[in-house]
2 protein chains.
Amino acid sequence: MPERLGPPLEEPLFARLAIIGLGLIGSSIARGVKARRLAGAVVAVDRDEAVLDRVRALGLADEATADVAAGTAGADGVVLCIPLGAYGDVARRMTLAPGAVVSDVGSVKGSAIAQMQPHLPPGTALVPAHPVAGTEHSGPDAGFATLFHNRWCILTPPDGTDAAAIARIRAFWEALGSNVEIMDAGHHDLVLAITSHVPHLIAFNIVATAEDLETVTQSEVIKFSAGGFRDFTRIAASDPTMWRDVFLHNKDAVLEMLGRFNEDLAALARAIRWSDGEALFNLFARTRDIRRGIISSGQETPEPDFGRRRDDGA
Amino acid sequence: MPERLGPPLEEPLFARLAIIGLGLIGSSIARGVKARRLAGAVVAVDRDEAVLDRVRALGLADEATADVAAGTAGADGVVLCIPLGAYGDVARRMTLAPGAVVSDVGSVKGSAIAQMQPHLPPGTALVPAHPVAGTEHSGPDAGFATLFHNRWCILTPPDGTDAAAIARIRAFWEALGSNVEIMDAGHHDLVLAITSHVPHLIAFNIVATAEDLETVTQSEVIKFSAGGFRDFTRIAASDPTMWRDVFLHNKDAVLEMLGRFNEDLAALARAIRWSDGEALFNLFARTRDIRRGIISSGQETPEPDFGRRRDDGA
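About the cut-offs
Residues numbered from 1 in each chain as written. Chains lettered and ligands numbered in written order. Predicted model: local features only at pLDDT ≥ 70, side-chain atom pairs only at ≥ 80, totals over all residues. Domains from an automatic or database assignment. Helix = DSSP H or I, 4+ residues; strand = E, 2+ residues; numbered from the N terminus. Nonpolar A, V, L, I, M, F, W, Y, C, P; charged D, E, K, R; others polar. Axes fitted to C-alpha atoms, helices over the stretch in contact; angles between N-to-C directions. Parallel < 35°, antiparallel > 145°, perpendicular 65-115°, else oblique. Contact = placed C-beta atoms within 7 Å. Least-squares fit on C-alpha atoms with pLDDT ≥ 70 in both. Pairing = 2+ DSSP bridges. Expected span 1.5 Å × (residues − 1). Buried ≥ 20, exposed ≤ 12 C-beta atoms within 10 Å, placed from the backbone. Core = buried A, V, L, I, M, F, W, Y, C linked by C-beta atoms within 7 Å. Right-handed = clockwise from strand over helix to strand, strands pointing away. Left-handed = near helix turned anticlockwise from the far one by under 90°.

## Observations concerning the domain arrangement of chain A
Residue and element names in this part refer to chain A. If you check the domain split of chain A, you get domain 1 (14-183) and domain 2 (187-300). Placing a centre on the C-alpha atoms of domain 1 and another on those of domain 2 gives a separation of 30 Å. Ranked by residues supplied to the side of domain 1 that touches domain 2, first place goes to helix α5 (residues 109-116) with three residues. Of the residues contributing to the side of domain 1 that touches domain 2, the split by class is five nonpolar, eight polar and two charged.

In structure tokens:
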């Protein structure tokens, strides 16, 4: 049964919404905005002409331009959906009128705020957002309107942000199907370091380690990947530019969480070396609870093996 | 479209097949054997009376017993589907007649051979097998007949093993839908260390690291797990006894592969600390190929995010 968003709003939340960056996330937002009529008009801004062509062909926006200044002029809402490394440059080129609300979807909020805030004129509001949702695919064709459905979206408004602006961005994400939580940017960056950034880092890492082996061929790695490895290749197939920027912009929290991961892994390696079966069993036995929590909270499917296979009943 | 096994064989491969251990793998074999009539009679052997009750209730075997000696007496085929730590004890108690073929499904083949071989009487053959298939669920109710369909099964017969016995075990796994490859046991243990054992170890590890944090709550880890973490919790939900034994019985290869993983991870951490974006990008960009290989070889579904979500077309 496909998930469905609600009906179009009678009164759009924004008169003119500029979406900057029409990749997986930006194009999914554009689809959701259109489906629920969250904006009177949508302007798609992307520096890549090939992306703009796809935006036009897919009918994702009312206007499409490579010009940040023109695209944001007159917008009462702007959402940056670009790699973190491009925030400062794009924010500098935006032309915002008082009353405009600026948001984003970046995975690191401290850096997002630090990069955008200096460029926002008085009378505008900054409400950073991070929808914790995605797939391993990239680009405007990979997006879909229900991507954010039943996923969490974290807002990290700086102290003193206009309450009405926060309420508008909250309503926006709730209309896209998300549950919204408000959090301090620094705490967000710590939480996501362990739930997203370090998992991606070790997934990228093990795929590269496997590729570089001289005793095991790449064909063997591929053939026998169903033993666990292939799960890691999914997230290691994520967009390299986006992830490079995540690590560069959340350095402290990632290195802190990675340090803890490494300490724990060293203890496990020691238990293996010294044949401490009890230590291994005890650790392996306690990790099932957290998965049960993830399934019962609706953040994961309960089907075995992600429902990859089906039982023929035999 | 559900996957289907072929029709029942006209001539079973075994007159009397003993399956020892009726967990996920053993019960899946029992279902496949029944569906394709690979044995004249199936004897289920399990030390757990609760499992035997489920075997009887599910109709998985013709006979069910906790007695290894009685269960294997008169069998011309035996398959061990038990944790590696129990091999020696079970092999010692088997009562085999000449002509019997003994196999197993263990994830470490060097140890499997070393533990079983001393207990096999003359005239019997040992053809160890490892079906590279599974789910995170355990027990006789978790099994299904198509679990092995289009998965690889690796046979590691010791030098000098009777060719007819190898052919019989090959035919057995092909009838269950697997592709069969023959490999040296030592090489198998190295390949699986990187494609299965180390991935499981780091998945167990990161779930435990996340659980132990004092700055991030367990409820936050669960809520925001869709950023990548939840993929790791699937394999970290696998059977703790089985996995304890895998690490204890494949110590050298696991520590070798883990050492390489750690070296590569240290280089990545250093690139993050020194803001070497180029090194990060180059590594992240090259890991996509291997996933494409896994998908095109049929070992993985191409659907984004494991097909967890569906597009409503909006």
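## Remarks on the packing of α5 of chain A against helix α7 (residues 185-212) of chain A
Residue and element names in this part refer to chain A. Packing of α5 against α7 brings their axes to within 7 Å, and their N-to-C directions diverge by 140°. Considered as vectors, α5 and α7 are oriented oblique to each other. Taken together, the residues of α7 that come into contact with α5 (itself represented by K109, G110 and I113) are A185, G186, H188 and D189.

## A word on the relation of the copies chain A and chain B
Each of the two chain copies can be generated from the other by rotation about an axis followed by a shift along it. Each copy of the sequence occupies a distinct position, and chain A is placed on chain B by a rotation of 180° and an axial shift of 0.0 Å, giving an RMSD of 0.0 Å. Viewed as a symmetry operation, the transformation between the two copies matches a two-fold axis. The overlap is high: 100% of the interface residues of chain A also sit at the interface in chain B, so the same surface is used on both sides.

## Quick word on the sheet that holds strand β2 (residues 39-45) of chain A
Strand pairing within a sheet occurs via backbone hydrogen bonds; the two strands may be parallel or antiparallel. All names here are of chain A. Strand order across the open sheet formed by six strands is β3-β2-β1-β4-β5-β6, with parallel pairing between neighbours. The sheet is open, and its two edges are formed by β3 (63-65) and β6 (125-126), each paired on a single side. The pairing of strand β4 (residues 77-80) with strand β5 (residues 101-104) spans four bridges and is classified as parallel. Paired with L80 across the strands is D104, a residue of β5.

## Details of helix α1 (residues 24-36) of chain A
Residue and element names in this part refer to chain A. With 13 residues, α1 ought to run about 18 Å at 1.5 Å a step, and its terminal C-alpha atoms sit 18 Å apart, in line with that. When you tally the buried positions in α1, you get 12 out of 13 residues, the bulk of the element. Among the residues of α1, L24, I25, G26, S27, S28, I29, A30, R31, G32, V33, A35 and R36 are the ones counted as buried. Taken together, the buried residues of α1 touch β1 (14-20), β2, β4, β7 (129-131) and α6 (163-175). Two residues or fewer after α1 comes R37, characterised by a positive phi angle close to 50°.

## Observations regarding the environment of L255 of chain B
Along the chain, L255 of chain B turns up in helix α11 (residues 251-273). In this structure the C-alpha to C-alpha distance between L255 of chain B and P121 of chain B, which are 134 residues apart in sequence, comes to 34 Å.

## Looking at the environment of I294 of chain A
By the element assignment, I294 of chain A lies in helix α13 (residues 288-296). Note: C-alpha distance between I294 of chain A and P140 of chain A (154 residues apart in sequence) is 29 Å. Setting aside anything within four residues of it in sequence, one finds I294 of chain A in contact with Q299 and E300 of chain A together with I222, S225, R230 and T233 of chain B.

## A short note on the environment of V246 of chain B
Residue and element names in this part refer to chain B. Topologically, V246 is positioned in helix α10 (residues 240-249). Residue class for V246 comes out buried when judged on the 29 C-beta atoms lying within 10 Å of it. Taking the C-alpha atoms as reference points, V246 and S225, separated by 21 residues in sequence, lie 27 Å from one another. In this view, V246 contacts L84, S107, V108 and H197; residues no more than four positions away in its chain are not counted.

## Considering the interface of chain A and chain B
Contacts between the two partners involve 104 residues from chain A, matched on the other side by 104 residues from chain B. Of all the elements in the fold, those that place two or more residues in the side of chain A that touches chain B are α1, α7, α8 (218-223), α9 (229-235), α10 (240-249), α11 (251-273), α12 (277-286) and α13 of chain A. Top element by residues in the side of chain A that touches chain B is α7 of chain A. It accounts for 19 residues. When the residues that make up the side of chain A that touches chain B are grouped by side-chain class, the tally is 55 nonpolar, 23 polar and 26 charged.

## A word on the nonpolar core
Ranked by internal contacts, the top residues of the largest apolar core, which has 218 residues, are I19, I20 and A44 of chain A together with I19, I20 and A44 of chain B. Ranked by residue count, the leading element in this core is helix α7 (residues 185-212) of chain B, at 15 residues. When neighbours within four sequence positions are excluded, I19 of chain A is seen to be in contact with G26, I29, A30, V42, A44, V45, V79 and C81 of chain A.

## Topic: the sheet that holds strand β4 (residues 77-80) of chain B
All names here are of chain B. With parallel pairing, the six strands of this open sheet are ordered in space as β3-β2-β1-β4-β5-β6. This sheet does not close on itself; its edge strands, each paired only once, are β3 (63-65) and β6 (125-126). Across three bridges, strand β2 (residues 39-45) lies against β3 in parallel orientation. Bridge assignment links A44 to a residue of β3, and that residue is A64.

## Details of unusual backbone geometry
All names here are of chain B. Not every positive phi belongs to a glycine, and S275 is a case in point at roughly 55°. By the element assignment, S275 lies in the loop between α11 and α12 (277-286). On the basis of neighbour counts, which here come to 13 C-beta atoms within 10 Å, the residue S275 falls in the partly exposed class. Positive phi, close to 55°, is recorded for D305, a residue that is not glycine. By the secondary structure assignment, D305 is in the segment after α13 (288-296). Look at D305 and you get partly exposed, because 18 C-beta atoms sit within 10 Å.

## Concerning the pairing of strand β1 (residues 14-20) of chain B
All names here are of chain B. Within β1, six of the seven residues are buried, which leaves it mostly tucked inside the rest of the structure. Note: β1 against β2, six bridges, orientation parallel. Bridging from a neighbouring strand, I19 pairs with A44 of β2. Viewed along the sheet, the connection from β1 through helix α1 (residues 24-36) into β2 turns out right-handed.

## Quick look at the packing of α7 of chain A against α11 of chain B
Close contact between α7 of chain A and α11 of chain B brings their axes to 9 Å; oriented N to C, the two are set at 125°. Comparing the axis directions of α7 of chain A and α11 of chain B gives the class oblique. Along this stretch, α7 of chain A crosses α11 of chain B, giving a crossing that reads as right-handed. Together, L201, I202, N205, I206, A208 and T209 of chain A of α7 of chain A and R260, F261, D264, L265 and L268 of chain B of α11 of chain B make up the contact between the two elements. Here the contact of α7 of chain A with α11 of chain B is composed, by residue class, of seven nonpolar, two polar and two charged.

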